[in-house]
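Here is what each chain is made of, one letter per residue.
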Amino acid sequence: MSEWEFLFEKKILDRGYFITDDVKITNRNSRQVNAVVSGTFDYNVKIIFDDDGYVDSMSCTCPYFERDNCKHLAALLYYLEENDEYNEIDVDINELFESISDDKVREFLFGELNDNPELKNKFIMKFSFKVDEDYYKSKLDDIIYEDDFSYELSRFIDHDVELLLDRKEYELILDLMDDAFTMVCSQFEYPWNDNYYDNLDEILEVISKLIDTSASEDVFDWLMSAVRYNCREDYIIKFSEILFTNFKMKYQLEEKYDLLEDILIKTSSFYRESYVMFKIKLMKDLGCSQNKIDEFMLKNVNYPHVRQQFINDALEAEDYPKAIGLIKKGILNSKYVNDRHKFQIQLKDLYLKTGDSGNYKKELYKLIIEYGDIDYYKELKKQYSKDEWIELREDIFINCKDTNSFLNECFAYEGLYGRLIENIHHEYDLSYYRKRLSKNYSKELLEKYSFIAEHKVSNTGSRKHYQSIVKLLNEMLTVPGGEKVVLEKLNKWKVKYKNRPAMWDEFKKVKVKL
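About the criteria used
Residues numbered from 1 in each chain as written. Predicted model: local features only at pLDDT ≥ 70, side-chain atom pairs only at ≥ 80, totals over all residues. Heavy atoms only, no water. Helix = DSSP H or I, 4+ residues; strand = E, 2+ residues; numbered from the N terminus. Rg over C-alpha atoms; globule rule 2.2 N^0.38 Å. Buried < 20%, exposed > 50% of the residue type's maximum accessible area, 1.4 Å probe, protein only. Pairing = 2+ DSSP bridges. Axes fitted to C-alpha atoms, helices over the stretch in contact; angles between N-to-C directions. Phe/Tyr/Trp six-rings, centres within 6.5 Å; stacked < 30°, edge-to-face > 60°. Lys NZ or Arg CZ within 6 Å of the ring centre and 35° of its normal. Patch = residues over 30% accessible without salt bridge, like charges linked within 9 Å, V, L, I, M, F, W, Y side chains within 5 Å. Areas by Shrake-Rupley, 256 points an atom, 1.4 Å probe, with all protein chains shown as cover. Salt bridge = Lys/Arg side-chain N within 4 Å of Asp/Glu carboxyl O. Polar contact = N/O pair within 3.5 Å; in protein donor to acceptor, adjacent residues only side chain to side chain. Contact = heavy atoms within 4.5 Å. Expected span 1.5 Å × (residues − 1). Parallel < 35°, antiparallel > 145°, perpendicular 65-115°, else oblique. Left-handed = near helix turned anticlockwise from the far one by under 90°. Nonpolar A, V, L, I, M, F, W, Y, C, P; charged D, E, K, R; others polar. Arc of directions from axis to C-beta. Disulfide = S-S within 2.5 Å. Core = buried A, V, L, I, M, F, W, Y, C linked by side-chain atoms within 4.5 Å.

A. The arrangement of the overall build of the chain in detail. When you go through the chain residue by residue, the secondary structure sums to 27 helices and four strands. For the chain, whose C-alpha radius of gyration is 33 Å, the value lies well above the compact-globule estimate of 24 Å for 514 residues. Projected onto its principal axes, the C-alpha coordinates of the chain cover approximately 90 × 75 × 45 Å. A buried classification covers 44% of the 514 residues belonging to the chain.

B. Structural context of the pairing of strand β1 (residues 23-28). Inspection of the sheet shows β1 paired to strand β2 (residues 32-37) by five bridges, in the antiparallel sense. Note on β2: the bridge partner recorded for Lys 24 is Val 36. Counted along the chain from β1 to the antiparallel partner β2, the turn is three residues long.

C. Layout of the sheet that holds strand β4 (residues 55-60). With antiparallel pairing, the four strands of this open sheet are ordered in space as β1-β2-β3-β4. Two strands in the sheet have a free side with no partner beyond their single neighbour: β1 and β4. For this sheet the average axis-to-axis angle between neighbouring strands, irrespective of direction, equals 20 degrees. Sheet analysis places β2 next to strand β3 (residues 43-49), joined by six bridges and oriented antiparallel. Bridge pairing in β3 places Gln 32 opposite Ile 48.

D. Up close: the packing of aromatic side chains. Counting across every chain of the model gives 24 aromatic pairs. Taking the centre distance of 5.3 Å and the plane angle of 90 degrees together, the rings of Tyr 17 and Tyr 78 count as edge-to-face. Placement of Tyr 17 in helix α1 (residues 10-17) and of Tyr 78 in helix α2 (residues 71-87) is noted, with a sequence separation of 61 residues between them. Through a chain of ring-to-ring contacts, the aromatic side chains of Tyr 377, Tyr 384, Trp 389, Phe 397, Phe 406, Phe 411 and Tyr 413 assemble into a single cluster. Seen from the ring of Phe 18, Arg 155 lies directly overhead, with NZ or CZ sitting 3.9 Å from the centre. Lying over the aromatic face of Tyr 384, Lys 361 brings its terminal NZ or CZ to 4.7 Å of the ring centre.

E. Expanded view of a nonpolar patch on the surface. Side chains of Ile 93, Leu 96, Phe 97 and Ile 100 sit close together on the surface and give an oily, nonpolar patch of about 360 Å² of accessible area. Looking at where Leu 96 falls in the secondary structure, it is placed in helix α3 (residues 93-99). Judged by its relative accessible area of 37%, Leu 96 falls in the partly exposed class.

F. Layout of the side chain of Ser 438. Assignment of secondary structure puts Ser 438 in the loop between α23 (427-437) and α24 (442-457). Polar side-chain contacts of Ser 438 include one of 2.7 Å to the backbone oxygen of Arg 434. Contact partners of Ser 438, with chain neighbours within four places excluded, come to Leu 445, Val 479 and Pro 480.

G. Structural detail: helix α12 (residues 250-266). With 17 residues, α12 should cover 24 Å at 1.5 Å per step; its first-to-last C-alpha distance of 25 Å lies within 8% of that length. Taken as a whole, α12 has its buried residues at Gln 252, Leu 253, Lys 256, Tyr 257, Leu 259, Leu 260, Ile 263 and Leu 264. Check the buried side of α12 and you find it contacts α10 (216-228), α11 (233-244), α13 (269-285) and α14 (290-299).

H. Focus on the side chain of Ser 216. The residue Ser 216 is located in helix α10 in this model. The residues contacting Ser 216, other than those within four sequence positions of it, are Leu 210, Ile 211 and Phe 247.

I. View of the pattern of salt bridges. A complete count under the given rule lists 29 salt bridges for this structure. We note a salt bridge from Asp 201 to Lys 238, for which the minimum N-O separation is 3.1 Å. Here Lys 238 lies in helix α11 and Asp 201 lies in helix α9 (residues 195-209), a separation of 37 residues in the sequence. Overlapping salt bridges, with partners in common, bring together Lys 381, Arg 393, Glu 394, Glu 414 and Arg 419 in one network.

J. Just the packing of helix α20 (residues 386-399) against helix α21 (residues 405-414), in detail. Remark: α20 packs on α21, axes separated minimally by 11 Å, with the N-to-C direction vectors making an angle of 160 degrees. If you check the angle between α20 and α21, you find them roughly antiparallel. For the crossing formed where α20 meets α21, the hand is left-handed. Of α21, the residues touching α20 (which contributes Trp 389, Arg 393, Ile 396 and Phe 397) are Phe 406, Leu 407, Cys 410, Phe 411 and Glu 414. A class-by-class count of the residues in the contact of α20 with α21 yields seven nonpolar, no polar and two charged.

K. Highlighting helix α19 (residues 374-381). Every buried residue belonging to α19 is among Ile 374, Tyr 376, Tyr 377 and Leu 380, and all of these are buried. Projection of α19 onto a plane perpendicular to its axis shows the buried side chains occupying an angular sector of 155 degrees, all on one side. Contact partners of the buried residues in α19: α17 (337-353), α18 (357-371), α20 and α21. One side-chain oxygen at the N-terminal end of α19 lies 2.7 Å from the backbone nitrogen of Asp 375; it belongs to Asp 373.

L. Region of interest: the state of the cysteines. Applying the stated criterion across every chain yields a total of zero disulfides. Free of any disulfide, Cys 70 has its nearest neighbouring cysteine sulfur in Cys 62, separated by 3.6 Å. When its relative accessible area of 1% is taken as the criterion, Cys 70 is described as buried. The thiol sulfur of Cys 400 is not disulfide-bonded, and the nearest other cysteine sulfur, from Cys 410, lies at 6.8 Å.

M. How the structure looks around the nonpolar core. Core analysis: the biggest nonpolar cluster contains 128 residues, and Met 177, Tyr 275, Trp 493 and Phe 507 have the highest contact counts within it. By residue number, the principal contributor to this core is helix α8 (residues 170-186), which donates 11 residues. Setting aside anything within four residues of it in sequence, one finds Phe 507 in contact with Val 457, Tyr 466, Ile 469, Val 470, Leu 490 and Trp 493.

Spatial relationships are all this shows, so hold off on functional conclusions.
If you want it as structure tokens, here you go:
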């Protein structure tokens, strides 16, 4: 086993091993390798090694890497291993060919092709004008009986379908993906495996690549059928998105509209908002009147995205009173804080745009009180004279919901350092504001540091815990008078906590001589 294989799941290693032929190195030095791994899509991979040659970090642009190390990275590592071995055989391949007769080469190639069906098919695909459709259909049919169905289907898509894409065998590909889709959907009858979602993603990637090809109309028909007779609503929404955001011919728009009417009758509330948004877009593409679109949006206005579209249309028409009314109702009816916050920002900005200074300031004040954001605070301050602001900021300090970190930001921004030092209670804030407070509030700052350090040292812990105390002590050394305080503490702790060898080993990193 290679020293890096523990970084991957076994199924990922298996998949990576079989796609090393798809690796193309784009850049390499002693510490880093960049490559492109080709498949249904091309993915950029990067591996950085440490000074000892071990993997230090890895990245890939494929979706799977967001969850875990992927097959493309494994493929690159296998490729590097294999090619390091080959590099030891210093043979000029051109000279080797020159030294072998054509008959010998043919004999070797014939034997290899007969022993390796995949290589044989790759050879046929490269040099023959005819594609053996039965070979691909039979191979796909056999996959359903494999123990690792999901892996074998992924491999089929990565290798065989990629070859067919190169040959522009679009109709055959669509037939194969239809069969593959049916296979995956049939697995829903059994305990569900997350790998099947990966398979559906791979199928969808292939289907997406066929949209702008000669098979486009067939792809449209296939997607219409897949969405209408879906196997699983929680996944088919992805296919719906491809269907409803592409295909702009009039008959296609009309068929999609009719399909959406049926879907909206039976779909669950969780996905209904997406289909409502698809219908709004379709109504615009079909040239429906704005009044008809508004009527439909009004019926579904409690969905945040629908309300936002309604607002955008009103803003585009410069109907600002209508937009303001929609935003206000959105603030009142929002179930989620993020949606409410977005509407509040819009309302504030719209009041500014329309010159309504009074309401603009009121909304800014509400945003400050509710969310404690320093940027809103700075924005509001610009609207008042110095004397007016001093009175209003005290009201904000009393009423704001975030009474610690936000207040610290305000005190620092206003230069109210005495109030800042009084309000600091956390280690992070000490570190963050230390430089601003050191000159005039060194005594108070050291007292805060001392309190936290004493609390920390009273508890035993891991080396990481002791390292955090070292960090505190070293920060104290940068404050005027800090060296004296640190020395006093270390001397006291040396007696009180003498039986903590790990702690004292870490305390050697305190930048002071005992």
